[in-house]
Amino acid sequence: MTDASPTTDLSSLRSPLYGVMDRIPGGTMVIPLVLGAIVGTTAPAFLELGSFTTALFATPMPMMALVIFATGMQITPRSIGPVAGTTGAILLGKTIVPGLIVVSLGFFLGLDGILGISILAMLATFDNSNGGIWLAFTGKYGTKTDRGAYVASAVNDGPFFTMLFIGAAGLGSIPLDAFAAAIIPLVLGIIVGNIDHRWTEIMRPVPTIVIPFFAFGLGTGIDIGAILTGGVTGILLGLLVTPFTGGCAYLAYRFLLRRGKRSGIGIVAGTTAGNSIVTPAIIASADPRFEQYVDVATVQVATAVLISAITAPLIAAWVLRRSGALSNPDEDGLDERGEPLATATVPSDPVEPRAR
């Protein structure tokens, strides 16, 4: 009689953790983000134990920088043109157009905004995007060009564009040194990746490995209690992020980039970056006129971070599924529009050689 080993049938093995996350669009970013928010709210002392525990669970920035570096390594001279075009389209749809609309509202409504949502809260929510969600989603459903366009998140992350837009109200200058610091890892990744292609292949799986960990770290900075007490305005603001800003990015993908049935990728840019939670306080430190809005705006932005991290990948996946483009184009041999990279011409009726 032969003993059957339970480890011999690999097909019977299940993945109850990663498998669940992978089935949800953007799940490798969203689920750890929510778990991090729960831990940060209910057990903050755990995150302050120090040593490797704090480094792994409460210090997301080094891991985010590593993902940015690895993403840069995948950008070659042949892809820089499309990456630049895609980045520009995302910045136009996700940042510039929404920012100009909010500033226009400010001229008519004043800094108080509308429905308890200040102009400061709107800008801090609408003019930036969550690069982690973008990398997680495009890593599964996008092309190399889409993933390389992460640089849009590096550019619009933080208070830079908020300060630029509110500059019409008399705020100070943009910290260009901080902007440069945000994109240096990407530039270095591009340089190293083009010098040594072996490193490019070694670093290719880094985003898949690292994203769940830095997502958890970002989540620890979100206070669920503050979100629950923030009222309807924070939830309303969060629900507007994806349809408004993601919709603008979708239009840029469809009509500027002409991505056809894959234009739904642009919707996943309709998020709010975790770093934007501190934007209201930074703006108020530059102009005391905004101090009265900081507390409420901070809670509203934190709510938008969590809600948009869930809605953006779900809506983007729904649009891609309806258009028949919910797949990985790199693995399926498709171009940026979802068409075959090369088609062979085969005659339908082979011609027999004539007998001489």
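All values reported here derive from a predicted model rather than from experimental measurement.

Definitions and limits used
Residues numbered from 1 in each chain as written. Predicted model: local features only at pLDDT ≥ 70, side-chain atom pairs only at ≥ 80, totals over all residues. Heavy atoms only, no water. Salt bridge = Lys/Arg side-chain N within 4 Å of Asp/Glu carboxyl O. Buried < 20%, exposed > 50% of the residue type's maximum accessible area, 1.4 Å probe, protein only. Helix = DSSP H or I, 4+ residues; strand = E, 2+ residues; numbered from the N terminus. Contact = heavy atoms within 4.5 Å.

> Where do I start with the pattern of salt bridges in this structure?
Should their charged atoms come close, side chains of opposite charge can pair. Applying the stated criterion to the full structure yields 3 salt bridges. In this structure, R204 engages E201 in a salt bridge whose closest nitrogen and oxygen atoms are separated by 2.5 Å. Classification of E201 as partly exposed rests on a relative accessible area of 48%. The partner of R289 in a salt bridge is D287, and the shortest N-O contact between them spans 2.6 Å.

> Which parts of the structure should I look at to understand unusual backbone geometry?
Note: most peptide bonds trans; most residues except glycine with negative phi. Of note in this structure, S51 is not a glycine but carries a positive phi near 50 degrees. The topology assignment puts S51 in helix α4 (residues 51-57). In this structure S51 comes out as exposed when scored by relative accessible area, which is 59%. Backbone geometry at R258 places phi at a positive 55 degrees, although glycine is not the residue there. Within the fold, R258 resides in the loop between α16 (232-256) and α17 (279-286). Exposure remark for R258: the relative accessible area of 56% places this residue in the exposed category.

> What exactly am I supposed to notice about the environment of G246 here?
Within the secondary structure, G246 is located in helix α16. Note: C-alpha distance between G246 and V268 (22 residues apart in sequence) is 6.3 Å. Not counting residues within four places of it along the chain, the set of residues in contact with G246 comprises V241, G266, I267 and G270.

As far as function goes, none of this settles anything; it's purely spatial.
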